Amino acid sequence: LAAFAQISTAHAEDIAVLTPYLSSVATNEMVETFKTDSEAKGWTVNVVDTRGDFQQLASRVEDVTNAGADAIVLVSVDPNQIADQVAAAAGKDIPVFVLDGALADGVTANITTDNFALGTILSDYLFEALGGEGNIVKFFHSAHPGVRQRELALDAALEKNDAVKVIAEHYVQVPGPIDNARQAMETFIRQHGEKIDGVWAAWDEPAIGALLALQSDMPDADIVIAGIDGNPQAVDLIKQCTNLAATVRQDFPGIASAAVGEIETVLGGGEPSSREIFVEAKVVDRETLGANCE
């Protein structure tokens, strides 16, 4: 009977998942896939959303560390922002995994997309759509390590394409990125109007917000909008032949599923396949969706 009890609880791991961005479509998709795959293995998954509050995130990481979680999973977080808490967890031999984030001391593995490559793909697509010249507005959120890498990729692309200029930029507030970006775009339209040729959005929610402002205030404008993530709402708007012309789709379920596999290996006494694991991405636009926008 004792042997049976040992067998039946062998895989009842207690996994703590923490994020400040659960309201984000992409983050939510990763968390839900992670929960489904983990629970299929008999693990208990406890999700904590701190709604953009990084002080609370640090505090809750301390809580789950003190409670003795078997593993900690940070989603869409730069662990360097809570370095002391990550180090404390690692000091108690609790593996810390990051999804769609970055590496830091004490992190076992970061499973993500190559975000600099994402930003390069987005920038190249937008610049080509503009014919290699024009004025763009930029929506970004440097607090997210992946989004920051996309921004750096834009900077690199701009250095090589001096005929494209950023004439306005906005740090998008989270939660509420769609409304925040819409309000900012309304301001940009009042300030710059027809001087705007394109919108570079570091992820899809700001792209959607910019589109809503454009549809309201300049519905006939020939402005190209592009984003990143493959948000279902964004994909639908691309199909509808709106100004939102493209997104770079990340495989968020793939990121989450890969993380579950890595965690299972580590909890079983093994090592992660790598400390940084990249999952592939691809462009989704009118052509790939078969949309007839003539």
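That block above? That's the structure.
Each value, and the rule that gives it
- Residues numbered from 1 in each chain as written.
- Predicted model: local features only at pLDDT ≥ 70, side-chain atom pairs only at ≥ 80, totals over all residues.
- Heavy atoms only, no water.
- Pairing = 2+ DSSP bridges.
- Helix = DSSP H or I, 4+ residues; strand = E, 2+ residues; numbered from the N terminus.
- Axes fitted to C-alpha atoms, helices over the stretch in contact; angles between N-to-C directions.
- Contact = heavy atoms within 4.5 Å.
- Buried < 20%, exposed > 50% of the residue type's maximum accessible area, 1.4 Å probe, protein only.
- Core = buried A, V, L, I, M, F, W, Y, C linked by side-chain atoms within 4.5 Å.

## Some details on the sheet that holds strand 10 (residues 244-250)
1) Next: Taken in spatial order, the six strands line up as 7-6-8-9-10-12 in an open sheet, and their pairing is mixed. What marks the edges here is a single partner per strand, and that holds for strand 7 (164-171) and strand 12 (281-285). The mean inter-strand angle of the sheet, taken between neighbouring strand axes irrespective of direction, is 20°.
2) Next: Sitting on the sheet, helix 9 (residues 232-239) is in contact with strand 10 and strand 12, with an inclination near 145° to strand 10.

## Observations concerning the side chain of T27
1) Next: In this fold, T27 is placed in helix 2 (residues 25-39).
2) Next: For T27, a relative accessible area of 3% translates into the label buried.
3) Next: Among residues more than four places away in sequence, those in contact with T27 are T19, Y21, L22, V75 and S76.

## Focus: the sheet that holds strand 4 (residues 96-99)
1) Next: Taken together, the six strands give an open sheet; going across it, the order is 2-1-3-4-5-11, and neighbouring strands pair in parallel fashion. The open sheet terminates on both sides in strands that have one partner only, identified here as strand 2 (44-49) and strand 11 (276-278). Direction aside, the axes of adjacent strands within the sheet are offset by 20° on average.
2) Next: Across four bridges, strand 1 (residues 14-19) lies against strand 3 (residues 71-75) in parallel orientation. If you follow L18 over to strand 3, its bridge partner there is L74.
3) Next: Along the sheet, helix 2 makes contact with strand 1, strand 2, strand 3 and strand 4, crossing strand 2 at roughly 165°.

## Some words on the nonpolar core
1) Next: Residues F139, M185, I225 and L244 are the most contacted members of the largest nonpolar core, which totals 45 residues.
2) Next: Top element by residues in this core is helix 8 (residues 204-217). It accounts for six residues.
3) Next: The residues touching M185, leaving out its near neighbours within four places in the chain, are V137, F139, I196, V199, A210 and A213.
4) Next: Judged by nonpolar contacts, the second largest core, of 24 residues, contains I15, F34, F97 and A109.

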